[in-house]
Amino acid sequence: MPVDTKAAGKTYEPKTYAVGREKVREYASAVGETNPIHLDPEAARAAGYADVVAPPMFAVVYSGRAITPALFDPEVGIDFPNMLHAGQEFAWGALVVAGDEITTTTTVKDISERSSMRFYEFETESRNAQGEPVCTGVWRQIVRGAPS
């Protein structure tokens, strides 16, 4: 049976994430970030920021809840036991700081099949409360052993 592509182009309800200072500091510590602008509000303010600055890959935190409904959508049809994470790409815009509210929208960009594997591509668009883009993400998944 060929891959069902009807969900390609589908966009999901935007999700908003309130960026908290402790979440930014916890994430920065977890990834070994030592730059004080990510950990110390006074250092961040001295550098010209309103509060601690989220490291770039904090994008997975604020966009994670927005991509989850797409990944688990029965219409998309991902077979999780055979799924491999194939990669992510990000393009960053305005910096994210504690106190920001980030709204992320997810779209299924492509669903295809090649060589008995199914390929899924999702795009997330994240913007701050001023409407400025903060991050665009492309998320790719492969499902092995797709029936032909």
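Notes on the structure follow. The model shown is predicted, which means the values in this text are computed figures rather than measured ones.

### Topic: the side chain of Gln141
With respect to the secondary-structure elements, Gln141 resides in strand β5 (residues 133-143). For Gln141, a relative accessible area of 5% corresponds to the buried category. Within polar-contact distance, the side chain of Gln141 engages the side chain of His85 at 3.3 Å. Look past the residues within four positions of Gln141 in its chain and what remains in contact with it is Leu71, Met83, Leu84, His85, Ala86, Arg118, Phe119, Tyr120 and Phe122.

### Structural notes on the packing of aromatic side chains
Using the criterion set out here, one finds 6 aromatic pairs in the structure. Centre to centre, the rings of Phe72 and Phe80 are 4.7 Å apart; their planes meet at 20°, and the pair counts as stacked. In this structure Phe72 comes out as exposed when scored by relative accessible area, which is 55%. Residue classification places Phe80 among the partly exposed positions, given a relative accessible area of 32%. Grouping aromatic residues by their ring pairs yields a cluster made of Tyr17, Tyr27, Phe58 and Tyr62. Lying across the ring of Phe119, Arg114 places its NZ or CZ 3.9 Å from the centre.

### With respect to unusual backbone geometry
At Ser115, a position not held by glycine, the phi torsion is positive, near 50°. As for its position among the elements, Ser115 is in the loop between β3 (101-114) and β4 (117-127). The backbone of Ser116 shows a phi angle near 60°, a positive value even though the residue is not glycine. Tracing the backbone shows Ser116 in the loop between β3 and β4.

Definitions and cut-offs
- By convention here, each chain's residues receive numbers from 1 onward along its written sequence.
- Only residues with pLDDT of at least 70 are given local features in this predicted model, and only at 80 or more are side-chain atom pairs given and counted; all residues enter the totals for whole chains, interfaces and linings.
- Where side-chain values are given, they derive from all heavy atoms of the structure, hydrogens and water being excluded.
- Here a helix means four or more residues in a row that DSSP labels H or I, a strand means two or more in a row labelled E, and each is numbered from the N terminus.
- Exposure is judged per residue with a 1.4 Å probe applied to protein chains only, and the accessible area is read against the type maximum: over 50% gives exposed, under 20% gives buried, and values in between give partly exposed.
- A 3.5 Å cut-off defines polar contacts: any pair of N or O atoms within that distance qualifies, except that in protein one atom must be a possible hydrogen donor and the other a possible acceptor, and neighbouring residues in sequence count only when both atoms are side-chain atoms.
- A contact between two residues is defined here by any heavy atoms of the two lying within 4.5 Å.
- Only centres within 6.5 Å qualify two rings of Phe, Tyr or Trp (six-membered ring in Trp) as a pair; their planes then separate them into stacked at under 30 degrees, edge-to-face at over 60, and tilted for everything else.
- Whether a charge sits over a ring depends on NZ of Lys or CZ of Arg being within 6 Å of the ring centre and within 35 degrees of the ring normal.

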